[in-house]
Amino acid sequence: MPNESEDTSLSKEPNEIDAFSGGYKRSGERRPALVFLRGELLAVPIPLERNEVTLGRALDADVRINDARASRLHARITTECDEATGEARYSLTDLDSTNGTILNGRPVTRAFLADGDKFEIGEQLIRFEMLDEIDREFQRQIHRLLVHDDLTGARRPAPRLNRCLSVS
C-alpha cells in the first residue's frame with residue numbers, strides 16, 4: 001500500500017491535451033483527408049485543402065502515387081457545394097484510367113465520397129476520412145511509428161501486406 005505522500009498517478013507532459021477531463025473541446029472542425037492503407041504512404045494523412053485534387057503517377061499529380069498500375073492522371077477528388085444543405089461534399093472521378101478506380105469494392109466513373117469510404121488506385125488502398133486535429137495527429141504518429149525505428153534511428157522499409165487479405 002503506497003504512502004499518502006507517494007503520488008502513484010500517471011503524469012502527463014504540460015502540453016498534452018486531456019481529452020477525458022473536458023479540457024479538450026471538439027471544435028467541430030473536421031476536414032477531409034486521404035489515409036493510405038497500403039503502400040509506401042501507409043497511414044499518412046494527406047489533407048484535401050484544394051477544391052480539386054488529382055491523384056496519379058505523373059509528377060504534376062497533386063497526390064503522387066508510385067504504382068505501376070496507376071495511370072499518370074488516374075482520378076480526381078472535387079469539392080462541391082450541396083445546394084440543398086449548403087454543406088461541402090466530395091466527388092471521386094476516374095479520369096479514364098487504364099485499370100479503373102474501385103470504390104468500396106465496385107468500379108466507379110464518378111461517385112460521392114462518405115467518411116470512411118475506401119477506394120483503390122492500382123495496388124494502393126486509400127480511405128477518405130473527415131479528421132479533426134486529434135485524428136490527424138494520431139495518423140501522423142502511427143505513420144512515424146511504422147517508418148522510424150526509435151532504437152536505431154533508421155527508416156524502416158515499407159511494410160508488405162498480404163494481397164489475400166480482404167478489406168471491409
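Remember, predicted model here, so these are calculated numbers, not experimental data. (Residues numbered from 1 in each chain as written. Predicted model: local features only at pLDDT ≥ 70, side-chain atom pairs only at ≥ 80, totals over all residues. Heavy atoms only, no water.)

Chemist: Break down the pattern of salt bridges for me, with residues and values.
Modeler: Opposite charge on two side chains lets them pair, provided their charged atoms get close. Under the criterion given, the structure shown has 6 salt bridges. The partner of arginine 127 in a salt bridge is glutamate 129, with the nearest N and O atoms 2.1 Å apart. Taking relative accessible area as the criterion, glutamate 129 reaches 12% and is therefore assigned buried. (Salt bridge = Lys/Arg side-chain N within 4 Å of Asp/Glu carboxyl O. Buried < 20%, exposed > 50% of the residue type's maximum accessible area, 1.4 Å probe, protein only.)

Chemist: Describe in detail the side chain of histidine 74, supporting the description with residues and values.
Modeler: Relative to the helices and strands, histidine 74 is located in the loop between strand S4 (63-64) and strand S5 (75-81). A distance of 3.3 Å separates a polar atom in the side chain of histidine 74 from a polar atom in the side chain of threonine 101. Other than its neighbours up to four places away in sequence, histidine 74 contacts Leu55, Gly56, Arg69, Thr93, Asp94, Leu95, Ser97, Gly100, Thr101, Ile121 and Gly122. (Helix = DSSP H or I, 4+ residues; strand = E, 2+ residues; numbered from the N terminus. Polar contact = N/O pair within 3.5 Å; in protein donor to acceptor, adjacent residues only side chain to side chain. Contact = heavy atoms within 4.5 Å.)

Chemist: Just give me the short version of the sheet that holds strand S2 (residues 45-47), but keep the residues and values in it.
Modeler: Spatial ordering of the open sheet is given by S2-S1-S11-S10-S7-S8, a layout of 6 strands whose pairing is antiparallel. The two strands at the open ends of the sheet, each matched to only one other strand, are S2 and strand S8 (106-108). Within this sheet the neighbouring strands show an average axis-to-axis angle of 35°, counted without direction. Note that strand S1 (residues 31-36) and strand S11 (residues 124-131) share 6 bridges and pair antiparallel. Within S11, the residue paired with phenylalanine 36 across the bridge is isoleucine 126. (Pairing = 2+ DSSP bridges. Axes fitted to C-alpha atoms, helices over the stretch in contact; angles between N-to-C directions.)

Chemist: For the pairing of S5, give the residues involved together with the corresponding values.
Modeler: Where strand S3 (residues 52-56) and S5 come together, 4 bridges link them in antiparallel fashion. Each bridged residue has a counterpart across the sheet, and for valine 53 the counterpart in S5 is isoleucine 77. Examined bridge by bridge, S5 and strand S6 (residues 88-94) share 7 bridges and lie antiparallel to one another. Opposite cysteine 81, over in S6, you have alanine 88 as the bridge partner. What sits between S5 and S6 in their antiparallel hairpin is a turn of 6 residues, with glycine 86 showing a positive phi close to 80°.

Chemist: Describe in detail the sheet that holds strand S9 (residues 110-113), supporting the description with residues and values.
Modeler: Spatial ordering of the open sheet is given by S4-S3-S5-S6-S9, a layout of 5 strands whose pairing is mixed. Looking at strand neighbours, the two that pair on one side only are S4 and S9, the edges of this open sheet.

Chemist: Describe the nonpolar core, naming the residues involved and giving the relevant values.
Modeler: Soluble, globular proteins show a tendency: their nonpolar side chains are buried together. Among the nonpolar cores identified, the biggest contains 23 residues, and Leu34, Leu55, Ile77 and Phe119 are the most heavily contacted of them. When contributions to this core are tallied by element, the ones reaching two or more residues are S1, S3, S5, S6, S9, strand S10 (118-121) and S11. With 3 residues, the single largest contributor to this core is S11. Beyond its immediate sequence surroundings of up to four residues, isoleucine 77 is in contact with Leu34, Leu48, Asn51, Glu52, Val53, Leu55, Tyr90, Ser91, Leu92, Leu113 and Phe119. (Core = buried A, V, L, I, M, F, W, Y, C linked by side-chain atoms within 4.5 Å.)

Chemist: Explain the side chain of serine 97 residue by residue, including any values.
Modeler: Here serine 97 lies in the loop between S6 and strand S7 (101-103). A polar side-chain atom of serine 97 sits 3.3 Å from a polar atom in the side chain of histidine 74. Excluding its chain neighbours within four sequence positions, the residues that come into contact with serine 97 are Ser71 and His74.

Chemist: Describe the confidence of the model for the chain, with residues and values.
Modeler: Considering every residue of the chain, the mean pLDDT works out to 79; 64% of them sit at 70 or more. Ignoring residues within four places in sequence, the model shows residues 159-168, a span with pLDDT below 50, making 9 contacts including any to other chains. (pLDDT = per-residue confidence, 0-100.)

Chemist: Requested: an account of the environment of aspartate 132, with residues and values cited.
Modeler: Here aspartate 132 shows up in the loop between S11 and helix H1 (133-147). Taking relative accessible area as the criterion, aspartate 132 reaches 1% and is therefore assigned buried. Residues aspartate 132 and arginine 31 lie 101 residues apart in sequence; the distance between their C-alpha atoms is 6.4 Å.

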